[in-house]
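A structural walkthrough
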Amino acid sequence: MKPHTVFGVLTMVISGLAQTPASNLQVDVNNFVLYNYDTFDMNQFGTNPNPTNIMMKTYNFHIAIGDITAVGGTPAKGAVLCRTVPMFVLSPTPAHGTQAIADTTRSMIDDCSVEIMTAGGGAVGTIYYSGLYGGPTPPGAPSASTRSNMIVTGGTGAFFGVRGQAGQISWTPRVASVTEDPANRRLNGGGTQSIILQLLPMFRPAIVLTSGGPAVVHSGDFSLVSAAKPAKAGEILTLFANGLGPTNPAVDYGQPFPAGPSAPVTSPIQVSVNGAAADVLYAGSYPGAVDGYQVNFRVPASAASGSLVLTAGFIAGNPVTIPVQ
């Protein structure tokens, strides 16, 4: 085989190897307070009702907590909670007595959880990440990430089995004494933080495909949306999908949904048609199916033929195309 033929074959093979698609998720946090263990007298823990401000010190411990305000730009609730092991600042040119010499630049080791809820307070799931805070981002990190080198170690709920990497866009906590009463955190106020999570979910929302096209039907007669019978602006459609996550009541992973009434999905569900947000009327399990769901939505008045995108738990699926009249 000639060299250029071999190269051509390799090019075809390599181009056919698709990367697992990653989803970048920004989590915005407010009232972010870092409680520094400036005393080990437990009788003083949480006794001061007033705000405190102290300096961070090398070789110290701290616990940080903040309120989630948005996930992927969508209003949300929940909490970020981090535990930091002894802060040990690494530097190629260390300050004597306070920093350690190393070939890298890092500030501390963090072990964090991001417990996400809907804006209405419904549980969605938790993402866990840990690693090295501060210093440059690793190769291949999201371009929005400005610091840190962390891994996503797993998740629960809508984020079951997730993995990936994490960093910060911004990190400006208020540093408080461990003597401050954490029950007054929102009253005393705190700083902000924006976390960037690059996620490889174990499952992502996917609209079922049939031989006639995407499984999107007219709710009036359940006929397939097609070029011969396109959707209309303002019409209610039903789509069938996989990968929308837990329901309430819950069903064990991998088991069929009960044959009785369908159960609503606990994750926030979004649908867009050619970039226009649709009104989601219902999203829930399909009775008797394993990982099968139905979503009822109203076609936006401004929608035109184009891509239909389904998002579940802030993770978007691949677009499909539907005709809109």
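Scope of this entry: the structure provided in the associated data block. From a predicted model like this one, the values you see are computed outputs, not experimental measurements.

1. Topic: the layout of surface pockets
Roughly 370 Å³ of volume is contained in the largest pocket. Each residue belonging to the lining of the largest pocket can be placed in one class, and the counts come to nine nonpolar, six polar and two charged.

2. Some thoughts on a nonpolar patch on the surface
A cluster of nonpolar side chains, Phe160, Met202 and Tyr253, forms an exposed patch at the surface whose accessible area comes to about 350 Å². Of note, Met202 is situated in the loop between strand E11 (191-200) and strand E12 (206-207). What makes Met202 partly exposed here is its relative accessible area of 43%.

3. Things to note about the pattern of salt bridges
Per the stated rule, a full pass over the model turns up five salt bridges. Salt-bridge contacts for Arg185 lead to Asp67; the nearest nitrogen and oxygen are separated by 2.9 Å. Of the two residues, Arg185 sits in helix H2 (residues 185-188) while Asp67 sits in strand E2 (residues 62-71), which places them 118 residues apart along the sequence. The pair formed by Arg185 and Asp67 is uniform in burial state, with each residue classed as buried. Across the pair Asp221 and Lys229 runs a salt bridge, and its minimum N-O distance is 2.5 Å. Residues joined by salt bridges that share partners form a network here, namely Asp67, Arg185 and Arg186.

4. Considering the nonpolar core
Counting 34 residues, the largest nonpolar core has Ile116, Tyr129 and Leu197 as the members making the most contacts within it. Of all the secondary-structure elements, those providing two or more residues to this core are strand E1 (23-36), E2, strand E3 (74-84), strand E6 (108-118), strand E7 (123-133), strand E8 (147-155), strand E9 (163-172) and E11. In terms of residue count, E1 provides more of this core than any other element does, five residues in total. Counting residues in each nonpolar core, the second largest holds 26 residues, with Ala231, Phe257, Val265 and Tyr293 among its members.

About the thresholds
- Residues numbered from 1 in each chain as written.
- Predicted model: local features only at pLDDT ≥ 70, side-chain atom pairs only at ≥ 80, totals over all residues.
- Heavy atoms only, no water.
- 1 Å grid on protein atoms, 1.4 Å probe; cavity = no way out; pocket = protein on both sides within 12 Å on 5 of 7 lines; lining within 4 Å.
- Points joined across faces, edges and corners; volume = space filled by probe spheres on them.
- Nonpolar A, V, L, I, M, F, W, Y, C, P; charged D, E, K, R; others polar.
- Patch = residues over 30% accessible without salt bridge, like charges linked within 9 Å, V, L, I, M, F, W, Y side chains within 5 Å.
- Areas by Shrake-Rupley, 256 points an atom, 1.4 Å probe, with all protein chains shown as cover.
- Salt bridge = Lys/Arg side-chain N within 4 Å of Asp/Glu carboxyl O.
- Helix = DSSP H or I, 4+ residues; strand = E, 2+ residues; numbered from the N terminus.
- Buried < 20%, exposed > 50% of the residue type's maximum accessible area, 1.4 Å probe, protein only.
- Core = buried A, V, L, I, M, F, W, Y, C linked by side-chain atoms within 4.5 Å.

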